[in-house]
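Chain and residue survey
Now for the letters of each chain:
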Amino acid sequence: MTKPTQRKEAPSRARVRTTTAEATVAALVAHGIDTIYALPGVHNDSLFDALFRAGERIRTIHTRHEQGAAYMALGAALVTAKPQVYAVVPGPGLLNSAAALLTAYGMNAPVLALIGQIAQSAIGRGLGHLHEIRDQRGIIERLVDFCARIREPNEAAGLVAQAVQAMRTGRPGPAVLECAMDVWGRSAPAAAVVQPLPASQPALDEDAIGEAAKRLAAAKRPLIVAGGGAQGASAEVTELSGLLQAPVLAYRRGRGVLDSRDPLSVTLPLGRELWGEADVVLAVGTRLFHGFTQWGIDPGLAIIRVDADPEEPERFAPPAAALIGDAGPILSRLLDALSGLDRPSRRAEMEDRQVQMSRRLAKLAPQIGFLDAIRAELPEDGIFVDEVTQIGFAARLLLPVYRPRTFLSPGYQDNLGWGFATALGAQHARPDVPVLSISGDGGFLFTSNELATAVRHRIPLTCVVFNDGAFGNVRRIQEEQYGNRMIANDLANPDFVRYGESFGAEAERAHNPQELRSALRRAFKRRDGPTLIEVPVGPMPSPWEFIHMPRVRGSS
Ligand SMILES: Cc1ncc(C[n+]2csc(CCOP(=O)(O)OP(=O)(O)O)c2C)c(N)n1
Ligand SMILES: [Mg+2]
């Protein structure tokens, strides 16, 4: 096999030529990228050839649909907090991956998409070339903040560096590099390797820190709200919570920032009660969607925002203080400013309130039974990937989460079908811990074709499919709110065990929480390929009264 060009043997640098594809791959490697999730096609043939010739420096994981490649990159980005890359053909390839790109945007995940293009000179002319799409660039620009086209070999390294810098600067998020099919293979004298560009951080605003510290020190009922932007600042949030004796509310993306075993750790329903009582809210890396749009605000509530995005704090209502930048260093500075603070413990009060809230939530008993089984078997550092399904909705409220980045939830897109393929990427990027994907029978079939990818690449993901033969959530809404007029909610399913086995996955059926526990124990021991566990279930009690809750303060 031909190995990558050994520069040492080249007579002089000027005579070494590099293609755009080779320069792009070299730049990705220089940025620490070791995997590319991809689905090939003629527009990207030269890119795949460069990936072949890069040998072990970068692994190519090919999927069965472009959405699988993009979701896998998303899952890998969420568990590693590092940029991850996928590559697909233009037009249909781009659009097939678009829901995942949209989700990456909503989740501020650093996913870099390499998207092919028709021949450079044909772009924009509407001649009907293979996979041509009107204004591909314009479509991409609606989806991500950074998009550029590599037009010649010497632009490649610089544009990769800019894309990675953009993904890491300010509010993180996805980026796209396009490249025309005739440009990938074009060569030029090799350019110097471009070093990664620093992600710029805004200077700490000492006045805002002072204002925030003053308000927090004087607060009688402080509440911390943690979102996805707090995942990298778990230690600081935990320390602040202890110092202020402030409960920490997390719902989907902030779960795991404060260990659920801490009585100050709360999810939505208790969080809403505390929101109603709070005089100061410290919002870390969160849009505060529930607070602003459902629970209400009034002049008695001062809101301090910590956010990577300078535009975020002003979006709904002007904050009492806005601290812009990475949550970790900002919260460290706040901790310094608050040192010596002594607050009476709220442990007994919070333990009591947690018990009372658990009594109300006990209504979700069927979901709780399965979640208890999952938590009992999933190790403390195991990763749980949720879905838009009954067990997923309940997990957001009830599954104890012990560490940051171990609970993946799709945020405000809440797009059915994200779970299995995202979990596959998470498991590929973190082979050292078990990853558990849960789905409904509806959501699972969105990306279950990627079982073939899991088998082909020996990814030991465990997936549990809760099969109620329906888009159960839709069905319950039709029952309760539309006079039982049932439409488009019943599902004809495969036999999931035989389906899984036919791919070469291990598969079994579990009929209750105890059987699920033993099935999970077997699955987590298996490290050479995927396991599918089907759990037949009936309708489950609605979680929505604990998610969409009425106003607790202010007037509309
Ligand atoms: C991309 C997308 N399409 C449609 C929906 C609307 N939707 C929300 S839940 C749901 C049904 C989910 O069915 P299933 O996965 O079987 O879970 P169940 O509710 O039965 O537990 C649908 C269609 C969505 N959230 N996202
Ligand atoms: Mg279902």
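Quick notes on the rules
Residues numbered from 1 in each chain as written. Chains lettered and ligands numbered in written order. Predicted model: local features only at pLDDT ≥ 70, side-chain atom pairs only at ≥ 80, totals over all residues. Heavy atoms only, no water. Near = heavy atom within 4 Å. Polar contact = N/O pair within 3.5 Å; in protein donor to acceptor, adjacent residues only side chain to side chain. Helix = DSSP H or I, 4+ residues; strand = E, 2+ residues; numbered from the N terminus. Nonpolar A, V, L, I, M, F, W, Y, C, P; charged D, E, K, R; others polar. Core = buried A, V, L, I, M, F, W, Y, C linked by side-chain atoms within 4.5 Å. Buried < 20%, exposed > 50% of the residue type's maximum accessible area, 1.4 Å probe, protein only. Contact = heavy atoms within 4.5 Å. pLDDT = per-residue confidence, 0-100. Axes fitted to C-alpha atoms, helices over the stretch in contact; angles between N-to-C directions. Parallel < 35°, antiparallel > 145°, perpendicular 65-115°, else oblique. Left-handed = near helix turned anticlockwise from the far one by under 90°. Disulfide = S-S within 2.5 Å. Pairing = 2+ DSSP bridges.

**Some remarks on the site of ligand 1**
- In the region of ligand 1, 16 residues are neighbours, and Thr 389, Asp 441, Gly 442, Gly 443 and Gly 472 sit closest.
- One of the backbone nitrogen or oxygen atoms of Leu 416 is found 2.9 Å away from a nitrogen atom of ligand 1.
- Asp 468 has a polar side-chain atom sitting 2.9 Å from an oxygen atom of ligand 1.
- Secondary structure elements with two or more residues in the shell around ligand 1: α18 (441-447) and α20 (472-481).
- When its residues are assigned to classes, the shell around ligand 1 shows five nonpolar, eight polar and three charged.

**As for the nonpolar core**
- In terms of nonpolar packing, the biggest core is built from 59 residues, with Leu 240, Trp 275, Val 281, Leu 282, Leu 331 and Leu 334 touching the most fellow members.
- Discounting chain neighbours no more than four positions away, the residues touching Val 281 are Leu 223, Val 225, Trp 275, Leu 288, Leu 301, Ala 302, Ile 303 and Ile 304.
- Residues Tyr 37, Ala 73, Met 107 and Trp 418 belong to the second largest nonpolar core, which totals 53 residues.

**Quick look at the confidence of the model for the chain**
- With 97% of its residues at a pLDDT of 70 or more, the chain shows a mean pLDDT of 96.
- Counting contacts from residues 1-11, a segment whose pLDDT is below 50, to residues more than four positions away or on other chains yields 10 contacts.

**Comments concerning the packing of helix α10 (residues 234-244) against helix α13 (residues 327-337)**
- In the contact formed by α10 and α13, the axes pass within 9 Å of each other and the chain directions differ by 25°. In terms of orientation, α10 lies roughly parallel with respect to α13. Considering only the axes of α10 and α13, their crossing is left-handed. Along the contact surface, α10 presents Glu 236, Val 237, Glu 239, Leu 240 and Leu 243, while α13 presents Gly 328, Leu 331, Ser 332, Leu 334 and Leu 335.

**Let's talk about the packing of helix α15 (residues 365-377) against helix α16 (residues 390-398)**
- As a packed pair, α15 and α16 sit with axes 9 Å apart at the nearest point and diverge in direction by 75°. Comparing their axes, α16 and α15 come out roughly perpendicular. Contact residues: α15 offers Gln 367, Ile 368, Phe 370 and Leu 371, while α16 offers Gln 390, Ile 391, Ala 394, Ala 395 and Leu 398.
- Grouping the amino acids of the contact of α15 with α16 by side-chain chemistry returns seven nonpolar, two polar and no charged.

**What to know about the state of the cysteines**
- Applying the stated criterion across every chain, the model contains zero disulfides.
- Between Cys 147, a cysteine without a disulfide, and Cys 179, which holds the nearest cysteine sulfur, the sulfur-to-sulfur distance is 12 Å.

**Topic: the pairing of strand β7 (residues 175-180)**
- Across the six residues that make up β7, a large majority, six, are buried.
- Across the two faces of β7 the burial is the same, with Ala 175, Leu 177 and Cys 179 and Val 176, Glu 178 and Ala 180 all buried.
- Where strand β5 (residues 111-117) lies against β7, six bridges are found, and the strand directions are parallel. Within the sheet, the bridge partner assigned to Leu 112 lies in β7 and is Ala 175.
- Of the pairings in the sheet, the one linking strand β6 (residues 146-150) to β7 comprises five bridges and is parallel in character. Bridging from a neighbouring strand, Arg 149 pairs with Glu 178 of β7.

**A look at the side chain of Gln 231**
- Tracing the backbone shows Gln 231 in the loop between β9 (222-226) and α10.
- By relative accessible area, which is 6% here, Gln 231 ends up buried.
- Among the polar contacts made by the side chain of Gln 231, one reaches the main-chain amide nitrogen of Arg 405 at a distance of 2.9 Å.
- Contacts of Gln 231, omitting those with residues within four sequence positions, involve Arg 253, Gly 254, Arg 255, Val 257, Pro 404 and Arg 405.

**Some words on the pairing of strand β4 (residues 84-88)**
- The buried count for β4 comes to five of five residues, which makes it a mostly enclosed element.
- Pairing between strand β2 (residues 35-38) and β4: three bridges, direction parallel. In the sheet register, Ala 38 faces β4, and the bridge partner there is Ala 87.
- Where β4 and β5 come together, five bridges link them in parallel fashion. When the bridges of β5 are listed, Val 88 appears paired with Ile 115.

**Focus: the sheet that holds strand β13 (residues 302-307)**
- Strand order in the open sheet made by the six strands is β11-β10-β9-β12-β13-β14, with parallel pairing throughout. Across the chains shown, the open sheet's two edge strands, defined by having one partner strand only, are β11 (265-266) and β14 (321-324).
- Both β13 and β14 contribute to a ladder of four bridges, which runs parallel. Of the residues in β14, the one forming a bridge with Asp 307 is Ile 324.
- Strands in contact with helix α11 (residues 268-277) are β9, β10 (248-249), β11, β12 (280-284) and β13; relative to β9, the strand with the most contacts, it is inclined by about 140°.

**Things to note about unusual backbone geometry**
- The backbone of Leu 288 shows a phi angle near 60°, a positive value even though the residue is not glycine.
- Relative to the helices and strands, Leu 288 is located in the loop between β12 and α12 (289-295).
- Residue Leu 288 is classed as buried on the basis of its relative accessible area of 3%.
- If you check the backbone angles, Arg 458 has positive phi at about 50° while not being a glycine.
- Relative to the helices and strands, Arg 458 is located in the loop between α19 (451-456) and β18 (462-467).
- A relative accessible area of 58% places Arg 458 in the exposed class.

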